[in-house]
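# Structural overview for review
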Amino acid sequence: MDGVPDRGRSTSPSSRAPNHSPRLGPSRLSSSRIRSSQSSSSSSSSSSSCLWLWFRRKRTKVLLALIALFSLFFFVNYVMLLRLQHQQDRPQPNRKPTLRSSLSLSLQGKWNKNSTSKKIQKGNYARLLALAAHALAENKREPKDLWQEPLVPASSWTPCSDQRNWEPNEGSNGYILVTANGGINQQRVAVCNAVVVARLLNSTLVVPKFMYSSVWRDTSQFRDIYQEEHFINYLAPDIRIVRDLPKKLQSLDLEAISSVITDVDMGKEAKPSFYLKHVLPIILKNQVVHFIGFGNRLAFDPIPFELQRLRCRCNFHALQFVPRIQEAGALLLKRLRGHGGLIGPLDRHFVGPFGELNTETSERNSKKASKYLALHLRFEIDMVAHSLCEFGGGEEERKELEAYREIHFPALALIIKNTKLPSPSELRSEGLCPLTPEEAILMLAALGFNRQTNLFVAGSNLYGGSSRLAALTSLYPKLVTKENLLSSAELKPFANYSSQLAALDFIGCAASDAFAMTDSGSQLSSLVSGYRIYYGGGRMPTIRPNKRRLASIFMKNSSIEWRIFEQRMRKAVRQTKHVQTRPKARSVYRYPRCKECMCRTI
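Residues numbered from 1 in each chain as written. Predicted model: local features only at pLDDT ≥ 70, side-chain atom pairs only at ≥ 80, totals over all residues. Heavy atoms only, no water.

## Quick look at unusual backbone geometry
As a reminder of what qualifies: For the purposes of this entry, the term helix denotes a DSSP run of H or I that reaches at least four residues, the term strand denotes a run of E that reaches at least two, and both are numbered from the N terminus. For every residue, the accessible area (1.4 Å probe, protein chains only) is compared with the maximum for its type, and the residue is labelled buried under 20%, exposed over 50%, or partly exposed between those bounds.
Residue Asp301 is joined to Pro302 through a cis peptide bond whose omega torsion reads -10°. In this structure, Glu269 is a non-glycine residue whose phi angle is positive, near 50°. Checked against the element boundaries, Glu269 lands in the loop between β6 (260-262) and α10 (272-286). A relative accessible area of 36% means that Glu269 is categorised as partly exposed. A positive phi is found at Asn496, a non-glycine position, where the angle reads about 70°. Relative to the assigned elements, Asn496 resides in the loop between α23 (488-491) and α24 (498-510). Overall, Asn496 belongs to the exposed group, its relative accessible area being 56%.

## A word on empty space enclosed by the protein
Inclusion rule: Using a 1 Å grid laid over the protein atoms alone, points where a 1.4 Å probe fits but cannot get out form a cavity; open sets with protein on both sides within 12 Å along at least 5 of 7 lines form a pocket; any residue with an atom within 4 Å of a point counts as lining. Grid points are joined across faces, edges and corners, and a volume is the space filled by probe spheres set on the points. Asp, Glu, Lys and Arg are counted as charged, while Ala, Val, Leu, Ile, Met, Phe, Trp, Tyr, Cys and Pro are counted as nonpolar; the rest, among them Gly, fall into the polar class.
Tallying each qualifying case throughout the model produces 5 cavities of 30 Å³ or more. The calculated volume of the second largest cavity comes to roughly 70 Å³. Classifying every residue of the lining of the second largest cavity by side-chain character gives 4 nonpolar, 2 polar and 5 charged.

## Observations regarding the pairing of strand β2 (residues 175-180)
To keep things clear, this is the line we draw: We treat two strands as partners when DSSP finds at least two bridges between them.
Within β2, 6 of the 6 residues are buried, which leaves it mostly tucked inside the rest of the structure. Where burial is concerned, the two faces of β2 agree: the one with Tyr175, Leu177 and Thr179 and the one with Ile176, Val178 and Ala180 are both buried. Alignment of β2 against strand β3 (residues 204-206), held across 2 bridges, turns out to be parallel. Bridged to Tyr175 within β3 is Thr204.

## Notes on the packing of aromatic side chains
Aromatic ring pairs are defined here through the distance separating the ring centres and the angle between the ring planes. Filter applied, for reference: In this analysis, rings of Phe, Tyr and Trp, with Trp reduced to its six-membered ring, are considered paired at centre separations within 6.5 Å, and the interplanar angle assigns stacked below 30 degrees, edge-to-face beyond 60, and tilted for intermediate values.
One pass over the full model with this rule turns up 23 aromatic pairs. Ring geometry for Phe316 and Tyr534: centres 4.1 Å apart, planes at 5°, overall stacked. Taken together, the residues Phe316 in helix α11 (residues 305-318) and Tyr534 in helix α25 (residues 523-535) connect sequence positions 218 residues apart. Each of the two residues, Phe316 as well as Tyr534, counts as buried. Ring centres 5.6 Å apart and planes at 65° place the aromatic pair Phe350 and Phe506 in the edge-to-face group. On the criterion of sequence distance, the pair formed by Phe350 in helix α13 (residues 347-351) and Phe506 in helix α24 is long-range, its members being 156 residues apart. According to the relative accessible area criterion, Phe350 is buried, its value standing at 3%. Judged by its relative accessible area of 3%, Phe506 falls in the buried class. An aromatic cluster of three or more residues is present, and its members are Phe210, Phe222, Tyr226, Phe231, Phe316, Phe321, Phe350, Phe506, Tyr531, Tyr534 and Tyr535.

## Overview of the state of the cysteines
Here is the rule: Cysteine sulfur atoms that come within 2.5 Å of each other are treated as a disulfide pair.
In the structure shown here, the tally under the stated rule is 3 disulfides. Each sulfur of the disulfide joining Cys389 and Cys433 lies 2.0 Å from the other. Sign of the S-S torsion, about -90° for the bond between Cys389 and Cys433, identifies this disulfide as left-handed. Placement of Cys389 in the loop between α16 (381-387) and α17 (394-408) and of Cys433 in the loop between α19 (424-429) and α20 (437-447) is noted, with a sequence separation of 44 residues between them. Each member of the pair, Cys389 as well as Cys433, is classed as buried. With cysteine numbering restricted to those in disulfides and following the sequence, the chain has the pairing 1-6, 2-5, 3-4. With no disulfide of its own, Cys192 lies closest to Cys314 among cysteine sulfurs, the gap being 3.4 Å. Classification of Cys192 as buried rests on a relative accessible area of 0%. Of all cysteine sulfurs, the one in Cys597 lies closest to Cys594, which takes part in no disulfide; the gap is 3.9 Å.

## So, the pattern of salt bridges
Once their charged atoms are close, side chains differing in charge can pair, the charge on each being opposite to the other. As a reminder, the rule being used: Salt bridge, as used here, is a side-chain nitrogen of Lys or Arg placed within 4 Å of a carboxyl oxygen of Asp or Glu.
According to the stated counting rule, one finds 22 salt bridges in the structure shown. Across the salt bridge formed by Lys140 and Glu138, the nearest N and O atoms sit 3.5 Å from each other. Of the charged contacts, one joins Glu430 and Arg548 as a salt bridge, the two residues approaching to 3.6 Å between their closest N and O atoms. Taken together, the positions of Glu430 in the loop between α19 and α20 and Arg548 in helix α26 (residues 547-554) put the pair 118 residues apart, joining distant regions of the chain. Salt bridges here are not isolated pairs; linked through shared partners, they connect Arg223, Glu228, Glu229 and Arg243.

## A word on the side chain of His408
What counts, and what does not: Whether two residues touch is decided by their heavy atoms; if any such pair falls within 4.5 Å, the residues are in contact.
Residue position: His408 is located in helix α17. Ignoring any residue separated from it by four or fewer positions in sequence, one finds His408 in contact with Ser214 and Val215.

## Things to note about the confidence of the model for the chain
We count it as follows: What pLDDT reports is the predictor's confidence in each residue, on a scale of 0 through 100.
A residue-level look at the chain finds 77% of positions with pLDDT of 70 or above and a mean pLDDT of 82. This model gives residues 81-122 a pLDDT under 50, and the stretch forms 87 contacts once residues within four places in sequence are excluded. In the model, residues 361-366 has pLDDT below 50 throughout and makes 8 contacts with residues more than four positions away in sequence or in other chains.

## Considering the packing of α24 against α25
Quick reminder of the rule: For helices, the fitted axis covers only the stretch in contact; all axes are lines through C-alpha atoms, and the angles between them, taken along N-to-C directions, range from 0 to 180 degrees. The labels follow the angle: roughly parallel below 35 degrees, roughly antiparallel above 145, roughly perpendicular from 65 to 115, and oblique for the rest. In this scheme the handedness of a crossing depends on how the near helix is turned from the far one: anticlockwise by less than a right angle means left-handed, clockwise means right-handed.
Interhelical geometry of α24 versus α25 gives an angle of 40° and a closest axis separation of 9 Å. The angle between α24 and α25 places the two elements in the oblique class. As for the relative orientation of α24 and α25, their crossing is right-handed in sense. Residues Ala502, Phe506, Cys509 and Ala510 of α24 pack against Leu524, Leu527, Val528, Tyr531 and Arg532 of α25. Of the residues assigned to the contact of α24 with α25, the class counts are 8 nonpolar, no polar and 1 charged.

## A short note on the packing of helix α6 (residues 184-200) against α11
Any two packed helices are characterised by the angle at which their axes cross and by the distance between the axes. Here α6 crosses α11 at 140°, and the two axes come no closer than 9 Å. As the angle between them shows, α6 and α11 are arranged oblique. Every pair of crossing elements has a handedness; the one defined by α6 and α11 is right-handed. Facing α6, whose interface residues are Arg188, Val191, Cys192, Asn193, Val195, Val196, Arg199 and Leu200, α11 presents Leu307, Leu310, Arg311, Cys314 and Asn315. Broken down by class, the residue content of the contact of α6 with α11 amounts to 8 nonpolar, 2 polar and 3 charged.

Okay, here's the thing in structure tokens:
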């Protein structure tokens, strides 16, 4: 046996005694020598056996000592991580907002202020987060393609939806009123679709209104977010737009004359034929129709070429933020880039002249701008509740989300009571659950973003409050939000206006050097990724995780090695990073690489 000392072999006296004359019998002396030899052999064997037992005991003690030492190391490391998270959760008054500052308590939002203080949700990834911390501490070189798109195929597409090939529309068939629901991004889609419907029906569009939502609690209207004059004038060659209905029509009871059409009255992504058959007769008869809750109510295919192009023209050219939002957005970008004086490829489309005003010549020459990664965490309570998934909060979480659905999603709550739906685990395995903050940060760490990455997080009003971001801030200390970068005085004009605050997040995400989404179905992520394609020139990568693939990886979180986790995560994300034209029936706002929106140069 390897490594085991030779214990000696028991030999007979005859085999060990020298040759004697056969005439001489054994003498007392020879007998004594034989006994001495036997005693010596036995003593040697016994000594060897004792030595082996001593070695085995010693080796066991050494192994136990090593195990104890490693256990102590991991325990101390865990305690230090908890202390770091605890310190980062504390408010730090009188500290100026910088890229290195920790998250403020304002991240908790109104809902979290009303939640119980004992609720701290850390998820189920303590082991993987510890492995990620060790991997980031090694400070490995980032992969070469981490901040890049496949340049040649991506740069072969250029914006061209501003080109027109038709005569102006007189809008002589009547007026279209639109009241859009949802948040700022759903409203944006509704506005663009309404513009196309107005052209299709040869009608005049009244500047859209935004419905008050019990979820968003924002009274902002079109003119509070977008430049109304620019919107009307830019689209004048396409459709006629007015600010208000004529007085003779304002007094009509539209519901009484059946001129009100709600989202219940039409299916999602209705085809142009539906509008021509069912809506046009109402306009011709009553001179007005009112769409209430108008969102994704126009199909993407089949649509005539010029109407599809009009859709893109409205989204990418006609809708510009008001100066108040542009100015705050320019200040946000300047601080995100470390006061580098850089004008990004999308800046002029979002912040207009304010980008140039914030650029100082001395800074341009003396200080290099910092790259930053933007992460949109779509993990607000409305998304969490609507997903029907579970996120590690146990019975308390289930009761809270159930109560929220009863108030804000009564139709969904009714379906849950009367229909057997997939279980939360089934939903997760199919990739139908939003990524948690813990899962998002593990994805970024596995992709290779180093610990010094400047990370801008949008959607900071997370379910679970600032404690939900503890994992992110401990792994990426340069994490910031708009609440960190802009002072309370700078944010005051936007207080209680969630849509206007969301516009700042939109700017921060769209102008970033790299953008990571956590939910491909999110309107903000879809619109942001579309803008980056349309204006990015093939140099603005977007990370679009396949949540179904990621779910299968995260299911092994209790046993998977970090090296294997990295390999599988990078492969899963790399497969979504290819350049593709718009798939049939998919959104032109998200996939503008199509002949209606962009022109191919190669």
